[in-house]
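In case you want the letters, here they are:
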Amino acid sequence: MTKPLNVGMIGYGFMGRAHSNAYAQVNHFFDLQYRPVLKAVCARSADKARAFAEKWGYESVETDWRKLVERKDIDLIDICTPNNTHADIAIAAAGAGKMVLCEKPLALNGAEGLRMVEAVEKARVPNMVWYNYRRVPAVTLAKQLIDEGRLGRIFHYRAKFLQDWTINPELPQGGTALWRLDVAAAGSGVTGDLLAHCIDTALWLNGPLDSINAMTETFVKERKHNLTGKVEKVGIDDAALFMGRFHNGSLASFESTRYARGHKALYTFEINGEHASIFWDLHDLHRLQYFDHRDQGLVRGWRSIHVTDGDHPYMGNWWVPGLQIGYEHSFVHQVADFLKGLETGKPAMPDFRDAYRTQLVLDAILQSAHEQKWVTVARG
Ligand code: SOE
């Protein structure tokens, strides 16, 4: 018999759907002691909350997140709302003794993130941040190969996340669908939205970053604001680039933008080591490219590993070898690992503290770009 774990989800957008799907699917594919129950969804609009609840099978709705957090029949609060609401909800949820899952980035900035870390650690409640790309099987395989020492000493870590959906200067900022363009709601632009993913993966695969030198640009300086109806200054960064030094001595090169015409979600990373290199591309997410210099010269070359075999990470839980899975499965894996962590007492990462370390890198990027100088990354 599985133990029910009652989920109260706040928000109903793109991430609300990805998480709801993960809760609904996880016990079909993973053997776990806990079973998420879609207990309540919360949105300011009762109509929208009801429509979402009906579609995804939530048992009830709330329109005030404070009420949801206080409900005795809720075990876990899942935060899928804009970044400027994460801290208040997470701190209240931890105070009410709930487990807390939070969408990325953890917070608007490091100081706010630290308050959230302190709240969950003080309350001793399980917590996790949805940096889902760690759980793409090919990315998890990259971690395995690096940890086995196959790459040897690492020289370079290169990552980029490119999109093109904000090039139109007529696109307004703010409001439900466009809060990512409003600095008050998002905290930053591509730095917190896209580079955050690259940094989370990088810290996991390659260890801490010591210092960075960044530049950011805002290509469209003013946009109409959906909430005020007025043309207002744009406060987010549209593009962010940095170079840096990892603690292990390797060099970092990172780029993200929403102005790369033709690219929708081109997240790639490449790691060059003394013996081998690895390359991954979100647009081809079930493959890992691997080059090993120790291969016999005649057949040496980049291998494209189709990460679908039963002994590849997570894949034994899905179909049969050769049949690939996709983006939504990374969320299923994250829930599975979280629930396993509750069972074993070994928490799934990234928890709030781990995600706070990413937040400190984001702060360093914005500071470096602003002050036009190298910045030492604070350790969390
Ligand atoms: C932005 O377009 C976005 O949806 C991010 O917010 C997500 O975190 C990323 O995974 C895909 O792109």
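Residues numbered from 1 in each chain as written. Predicted model: local features only at pLDDT ≥ 70, side-chain atom pairs only at ≥ 80, totals over all residues.

Chemist: So, the sheet that holds strand 4 (residues 76-79): which residues are in play, and what are the values?
Modeler: The 6 strands are arranged 3-2-1-4-5-6 in an open sheet whose pairing can be described as parallel. For this open sheet the edge positions go to strand 3 (60-62) and strand 6 (127-129), each flanked by a neighbour on one side alone. Within this sheet the neighbouring strands show an average axis-to-axis angle of 25°, counted without direction. In terms of strand pairing, strand 5 (residues 99-102) meets strand 6 through 3 bridges, oriented parallel. The residue bridging Val-100 from the neighbouring strand is Asn-127, located in strand 6. Helix 1 (residues 14-29) contacts strand 1 (3-10), strand 2 (34-42) and strand 4 of the sheet and is inclined by roughly 150° relative to strand 2. (Pairing = 2+ DSSP bridges. Helix = DSSP H or I, 4+ residues; strand = E, 2+ residues; numbered from the N terminus. Axes fitted to C-alpha atoms, helices over the stretch in contact; angles between N-to-C directions. Contact = placed C-beta atoms within 7 Å.)

Chemist: Go over the packing of helix 6 (residues 137-147) against helix 8 (residues 190-206) with me, naming the residues and quoting the values.
Modeler: Two elements in contact, helix 6 and helix 8, have axes whose closest approach is 9 Å; the angle formed by their N-to-C orientations is 25°. Our classification of the angle between helix 6 and helix 8 gives roughly parallel. Seen from helix 6, the contacting residues are Val-139, Ala-142, Lys-143 and Ile-146; seen from helix 8, they are Thr-201, Trp-204 and Leu-205. Split by residue class, the contact of helix 6 with helix 8 holds 5 nonpolar, 1 polar and 1 charged. (Parallel < 35°, antiparallel > 145°, perpendicular 65-115°, else oblique. Nonpolar A, V, L, I, M, F, W, Y, C, P; charged D, E, K, R; others polar.)

Chemist: An account of the sheet that holds strand 15 (residues 287-292) is needed here, citing residue identities and associated values.
Modeler: One open sheet holds the 9 strands; their spatial order is 16-15-14-13-7-12-11-8-17, and the pairing between them is mixed. Looking at the sheet topology across the chains shown, the edges are occupied by strand 16 (303-306) and strand 17 (375-376). Examined bridge by bridge, strand 8 (residues 209-217) and strand 17 share 2 bridges and lie antiparallel to one another. What sits directly across from Ser-211, in strand 17, is Thr-376. In the packing of helix 6 onto the sheet, contacts are made with strand 14 (276-281) and strand 15, and the angle to strand 14 comes to roughly 165°. Contacts between helix 10 (residues 352-371) and the sheet are confined to strand 8, strand 11 (239-246) and strand 17, with strand 8 contributing the most and set at about 55° to the helix.

Chemist: Summarise the packing of helix 1 against helix 9 (residues 327-344); cite the residues concerned and give the values.
Modeler: Helix-helix packing is described using two parameters, namely the angle between the two axes and the distance between the axes. Relative orientation of the contacting elements helix 1 and helix 9 amounts to 65°, with a least axis distance of 8 Å. When you trace helix 1 past helix 9, the crossing you get is right-handed. Where helix 1 abuts helix 9, its residues Ala-18, His-19, Asn-21, Ala-22, Tyr-23, Gln-25, Val-26 and Phe-29 lie against Glu-328, Phe-331, Val-332, Gln-334, Val-335, Ala-336 and Leu-339. Its residues assigned to classes, the contact of helix 1 with helix 9 comprises 10 nonpolar, 4 polar and 1 charged. (Left-handed = near helix turned anticlockwise from the far one by under 90°.)

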